[in-house]
Each structure stands twice: as structure tokens, then as C-alpha cells.
Amino acid sequence: MRDLYQTADWKSEKHVPVIEVQGSPKKGELVSVKVSVGKEIPHPNTAEHHIAWIEVYFLPEGEKFPYALGRFEFQAHGESIQGPDTSSVYSEPSVTIHFTTEKSGVLYASSYCNIHGLWSSSAEISI
Ligand SMILES: [Fe+2]
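Residues numbered from 1 in each chain as written. Predicted model: local features only at pLDDT ≥ 70, side-chain atom pairs only at ≥ 80, totals over all residues. Heavy atoms only, no water.

Asks: What is the right way to read the coordination of the iron ion from this model?
Replies: Octahedral metals with six donors have ideal donor angles of 90 or 180 degrees. Tetrahedral metals with four donors have an ideal donor angle of 109.5 degrees. Surrounding the iron ion are the protein donor atoms His-15 (NE2), His-43 (NE2), His-49 (NE2), Cys-113 (SG) and His-116 (ND1), which sit 2.1 to 2.3 Å from the metal. All donors of the iron ion come from a single chain, and their spacing in sequence reads H-x27-H-x5-H-x63-C-x2-H. Take His-43: its relative accessible area is 10%, and that puts it in the buried class. (Donors = N, O, S within 2.8 Å, 3.2 Å for Na, K, Ca; no water. Buried < 20%, exposed > 50% of the residue type's maximum accessible area, 1.4 Å probe, protein only.)

Asks: Is there a simple way to explain the sheet that holds strand 5 (residues 67-73) in this structure?
Replies: To summarise the sheet geometry, strands pair through backbone hydrogen bonds and adopt either a parallel or an antiparallel arrangement. Spatial strand order, 1-8-7-4-5: five strands in an open sheet with mixed pairing. Looking along the sheet, the strands with just one partner apiece sit at the ends: strand 1 (5-6) and strand 5. Pairing analysis gives six bridges linking strand 4 (residues 51-60) to strand 5, with the strands arranged antiparallel. Each residue of the ladder has a partner; that of Phe-58, found in strand 5, is Tyr-67. (Pairing = 2+ DSSP bridges. Helix = DSSP H or I, 4+ residues; strand = E, 2+ residues; numbered from the N terminus.)

Asks: I keep staring at the pairing of strand 3 (residues 31-37) and nothing clicks. Help me out?
Replies: Consecutive side chains of a regular strand alternate in pointing toward one face of the sheet and then the other. Summarising burial for strand 3: six of the seven residues are buried, a large majority. Where strand 2 (residues 17-21) and strand 3 come together, five bridges link them in antiparallel fashion. The partner of Val-21 across the bridge, within strand 3, is Val-33.

Asks: I'm lost on the nonpolar core in this one. Help?
Replies: Soluble globular proteins: nonpolar side chains tend toward being buried together. Val-33, Val-35, Phe-99 and Leu-107 are the most contacted members of the largest nonpolar core, which has 18 residues in total. Listing elements by their share of this core, those giving two or more residues are strand 3, strand 4, strand 6 (94-99), strand 7 (105-113) and strand 8 (117-125). Apart from the residues within four sequence positions on either side, Val-33 is in contact with Ile-19, Glu-20, Val-21, Gln-22, Val-95, Thr-96, Ile-97, Phe-99 and Leu-107. (Core = buried A, V, L, I, M, F, W, Y, C linked by side-chain atoms within 4.5 Å. Contact = heavy atoms within 4.5 Å.)

Asks: Mind showing me how you'd approach the pattern of salt bridges here?
Replies: What the rule picks out here adds up to four salt bridges. Here Lys-39 makes a salt bridge to Glu-20, at a shortest N to O gap of 2.7 Å. Taken together, the residues span a long stretch of sequence, with Lys-39 in the loop between strand 3 and strand 4 and Glu-20 in strand 2 at a distance of 19 residues. What makes Lys-39 partly exposed here is its relative accessible area of 47%. The shortest N-O distance in the salt bridge between Arg-71 and Glu-55 comes to 2.6 Å. Of this pair, Arg-71 sits in strand 5 while Glu-55 sits in strand 4, placing them 16 residues apart in sequence. Salt bridges sharing common partners tie together Glu-55, Arg-71 and Glu-73. (Salt bridge = Lys/Arg side-chain N within 4 Å of Asp/Glu carboxyl O.)

Asks: Would you explain unusual backbone geometry in this entry?
Replies: Glycine aside, the phi torsion of most residues is negative, and most peptide linkages are trans. Phi is positive for Asp-85, close to 55 degrees, though the residue is something other than glycine. For Asp-85, the location among the structural elements is in the loop between strand 5 and strand 6. Not every positive phi belongs to a glycine, and Ser-88 is a case in point at roughly 70 degrees. If you trace the backbone, Ser-88 turns up in the loop between strand 5 and strand 6.

Take a look at the structure:
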């Protein structure tokens, strides 16, 4: 499993999901987290080469099993009845999620590029 996911600094590798926690999370209050791919170096977004989905997990401090917060599919990549890259409609690999927690913990995000596979990153949340 170790080799299934790749990771790197998102500032130098365009596939790595960027996790941005908004504000200062508080116990039991909504935590807003933006997860995107390509913040520093845009990833291609074409019918042939695109980010297909992002998944986000949260592992509360002291717990063994992570919780899946969501899976987000990006399904428009320029295709139309005229062929690939003809519609001008492209979904961006960016999503903002909201959740609550009573505990601090670690957010994990994974992203899937249709030709470069799985990438991951993590970010701590301090409550
Ligand atoms: Fe890629």
C-alpha cells in the first residue's frame, strides 16, 4: 500500500492536494476546509489529462480509525458530442467542506489524476 500514494510539497508538485483550514477551528463548531489541486502550479484540465476526484478523511487525536468526510468527483473535462475538449466546460478540482469535531486531529486528502495516479497530503487541526 505504501507505494500506492505519492506525496511531495504542493508548492513544487502540481498533483498534491492542498488543504487549507479556514480560521481557527473551535470545539463543536463548523470547521471549513478548502481542498484543491494545482494552487501553485495549475494541473492540466483536459479530456485527456485531469484530476478526477478528491477524497478527504479526518483522524481524531487518539483514535485508531479515520472518518471519511467526503468524496468529490470532478466530471466535466471539456468533452461534448463534438468530441474531447470542445464543450468549454471544465470542473475545477477544488472543494470546500464543512464538518464539526470535538477533538483535534489530522486531515488527510487524496487526489486522483487520470494518468498520474494517487497523491496525498495531510494537515493538522488544532481545536
Ligand atoms: Fe496529472
